[in-house]
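# Tertiary structure, described
Listed here are the chains, written in short residue letters.
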Amino acid sequence: MSLKAGIVGLPNVGKSTLFNAITKKNILAANYPFATIEPNVGIVTVPDERLAYLENLYLPKNTVPTSFEFTDIAGLVKGASNGEGLGNKFLSHIRETDAIVEVVRCFDDENITHVEGKTDPIRDIEIINVELILSDLEIIDNRLNKIIKKAETTKDKASIFEVNTLTKAKTSLEESIPLRQVDFSEEELLILKSFNFITLKPIIYCANVLEDDVVIGDNNYTKIVKDYASKNNSSVIVMCAKMESELSELSDEDKKVFLNELGISNSGLDKLIFATYNLLGLETFFTSGKDECRAWTFKKGMNAKSCAGLIHSDIERGFIKAEVMSFDDLKEYGNELKVKEAGKLRLEGKDYLMQDGDIVYFRFNV
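Residues numbered from 1 in each chain as written. Predicted model: local features only at pLDDT ≥ 70, side-chain atom pairs only at ≥ 80, totals over all residues. Heavy atoms only, no water.

### Digging into the overall build of the chain
Looking only at helices and strands, the chain features 15 helices and 12 strands. Considering the chain as a whole, with its 366 residues, one finds that 48% of them fall into the buried category. Relative to all contacts within the chain whose residues are 6 or more apart in sequence, the contacts with residues 24 or more apart total 69%. Total accessible area computed for the chain in this model is approximately 18300 Å², and 48% of it derives from carbon and sulfur atoms. (Helix = DSSP H or I, 4+ residues; strand = E, 2+ residues; numbered from the N terminus. Buried < 20%, exposed > 50% of the residue type's maximum accessible area, 1.4 Å probe, protein only. Contact = heavy atoms within 4.5 Å. Areas by Shrake-Rupley, 256 points an atom, 1.4 Å probe, with all protein chains shown as cover.)

If you want it as structure tokens, here you go:
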């Protein structure tokens, strides 16, 4: 399942530094706008202690964690919707993502240029909001210009419904309300999703702070970002991109020691990965055995047959049953045999809705 989150923000807020930490890649992170010209795509592994437990239990030949994509997109500037900076190229790259991680600068540093002159996280957020809204409005206007006459002359119900839906979306955007905050019906969402509107995508804010603030807690900037996000039904992860980039160079053991010395249980990067995974509506099921223990990503609400297709189309096509046990039951009873003896191993049909932490063996015949 290929899903990706786009890392966006104004120039010099720490996007590329964060991306370096996420992917452990040494891409260009320079102190000037547009150091990132093409979107950099990296695969991030989702930390999961459950997979480590399965690996220790089964001692498989191979262990495969689940993952998803992060894309570092060039910094946006005011006027991008009118072609300023990288303009529409930047906006088209965001349009290709499934969710948005917006990095917001929440620190002062005279040695790092701020494109707007000084630190003001809410102003920065609003600059990006305006550009994304204007970009979506342009798409709506172009489509309405093409379809309104058809709807009026033919009285075609589908066309009329599309016009009404787009008009509702346009009204909200003109009031500076992103589409993700508007209450649309399932039928309306089907119309809107075909246009890949940016402001319809879920968003999470990454408040980039100095290292001292990670230990101390919220500063004045992060407090106002959290307040802003809560009013807009979004969440905030506070982290120091520079520190996370340095942590990514350490071994897992040295990383744990360093975090323990700071009194921190999880790194900001791990928190961001978990939060983004959840933002994308993703969960994990496992397949396990002596040959391989593997974590698989699925969208919440997928049934057993569809999840079987994530492994191979033949398994979905020839699906018979799914043998399912929960990770919690396996951990409680210690092994598969004891889980079965306790009556916790289940046979589920094709319509069974998969749950996070399910350990599955698919029966199929083709």
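### Notes on the environment of Gly301
Along the chain, Gly301 turns up in the loop between β9 (292-299) and α12 (304-311). A relative accessible area of 54% places Gly301 in the exposed class. Along the primary structure Gly301 and Leu353 are separated by 52 residues, whereas in three dimensions their C-alpha atoms are 6.0 Å apart.

### Some details on the sheet that holds strand β4 (residues 67-72)
Strand pairing in a sheet takes place through backbone hydrogen bonds and is either antiparallel or parallel in direction. Strand order in this open sheet of six strands is β2-β4-β1-β5-β6-β7, and the pairing throughout is mixed. Looking at which strands have only one partner, the edges of the open sheet turn out to be β2 (40-45) and β7 (235-239). Pairs of neighbouring strands in the sheet enclose a mean axial angle of 25°, with direction left out of account. (Pairing = 2+ DSSP bridges. Axes fitted to C-alpha atoms, helices over the stretch in contact; angles between N-to-C directions.)

### Focus: the nonpolar core
By size, the foremost hydrophobic cluster in this structure holds 53 residues, and its most contacted members are Leu18, Ile22, Phe68, Phe70, Ile94 and Tyr205. Excluding anything up to four places from it in sequence, Leu18 contacts Ile7, Val103, Cys206, Met239, Ala241, Leu269 and Leu272. Membership of the second largest hydrophobic core comes to 18 residues, among which are Ile133, Ile140, Leu166 and Phe184. (Core = buried A, V, L, I, M, F, W, Y, C linked by side-chain atoms within 4.5 Å.)

### Examining unusual backbone geometry
Even without being glycine, Leu59 reaches a positive phi, approximately 50°. Assignment of secondary structure puts Leu59 in the loop between α2 (49-58) and β3 (62-64). Owing to a relative accessible area of 64%, Leu59 belongs among the exposed residues under this scheme. Its identity as a non-glycine residue notwithstanding, Asn233 has a phi of 55°, on the positive side. Classification of Asn233 as exposed rests on a relative accessible area of 75%.

### Some details on α12
Within α12 the residues assigned to the buried category are Ala304, Cys307 and Ala308. The buried residues of α12 occupy one face: seen down the axis, they fall within an arc of 110°. Of the surrounding elements, those touching the buried residues of α12 are β8 (282-287), β9, α13 (313-317), β10 (319-326) and β12 (358-364). Where α12 starts, the residue carrying a side-chain oxygen 3.3 Å from the main-chain nitrogen of Lys305 turns out to be Asn303. (Arc of directions from axis to C-beta. Polar contact = N/O pair within 3.5 Å; in protein donor to acceptor, adjacent residues only side chain to side chain.)

### Quick look at the pattern of salt bridges
For the structure on display, the rule yields 15 salt bridges. When the shortest N-O distance is used, the salt bridge between Arg123 and Asp124 registers 2.8 Å. Notably, a salt bridge pairs Glu323 with Arg363, separated by 2.7 Å at the nearest N-O pair. With Glu323 in strand β10 and Arg363 in strand β12, this pair connects stretches of sequence that are 40 residues apart. In the salt-bridge network here, residues are joined through shared partners; they are Asp48, Arg50 and Asp356. (Salt bridge = Lys/Arg side-chain N within 4 Å of Asp/Glu carboxyl O.)

### Remarks on the packing of aromatic side chains
Under the criterion given, the structure shown has nine aromatic pairs. Centre to centre, the rings of Phe68 and Tyr277 are 5.8 Å apart; their planes meet at 35°, and the pair counts as tilted. Of this pair, Phe68 sits in strand β4 while Tyr277 is found in helix α11 (residues 268-279), placing the two residues 209 residues apart along the sequence. Comparing Phe68 with Tyr277, the two get one shared label, buried. Residues Phe285 and Phe362 carry aromatic rings whose centres are separated by 6.1 Å and whose planes lie at 90° to one another, so their mutual orientation is edge-to-face. With Phe285 in strand β8 and Phe362 in strand β12, this residue pair connects regions lying 77 residues apart in the sequence. (Phe/Tyr/Trp six-rings, centres within 6.5 Å; stacked < 30°, edge-to-face > 60°.)

### Looking at the packing of helix α5 (residues 157-174) against helix α6 (residues 186-193)
Where α5 contacts α6, the two axes come as close as 10 Å, and the packing angle between them is 85°. The angle between α5 and α6 places the two elements in the roughly perpendicular class. Contacts from Phe161, Glu162, Thr165, Leu166, Lys168 and Ala169 in α5 reach Glu187, Glu188, Ile191 and Leu192 in α6. (Parallel < 35°, antiparallel > 145°, perpendicular 65-115°, else oblique.)

### Considering the side chain of Ser245
In this fold, Ser245 is placed in helix α9 (residues 241-247). Using a relative accessible area of 17% as the deciding quantity, one classes Ser245 as buried. With residues near it in sequence (within four places) discarded, Ser245 still touches Thr17, Asn20 and Ala21.

### With respect to the side chain of Lys201
Tracing the sequence through the fold places Lys201 in the loop between α6 and β6 (203-208). Although buried, Lys201 forms no salt bridge, and the nearest oppositely charged side chain, Asp98, lies 5.9 Å from it. Here Arg95 takes part through its backbone oxygen, which lies 3.2 Å from a polar atom of the side chain of Lys201. A polar atom in the side chain of Lys201 sits 3.0 Å from the side chain of Asn196. Setting aside chain neighbours within four positions, we find Lys201 in contact with Ile94, Arg95, Thr97, Asp98, Ile100, Arg180 and Asn196. (Lys, Arg positive; Asp, Glu negative; His and termini not counted.)

### Concerning the environment of Gly318
Among the structural elements, Gly318 can be located in the loop between α13 and β10. A residue is classified by how much of its surface remains accessible, and Gly318, at 6% relative accessible area, is buried. C-alpha of Gly318 to C-alpha of Lys305: the two residues are 13 residues apart in sequence and 9.2 Å apart in space.

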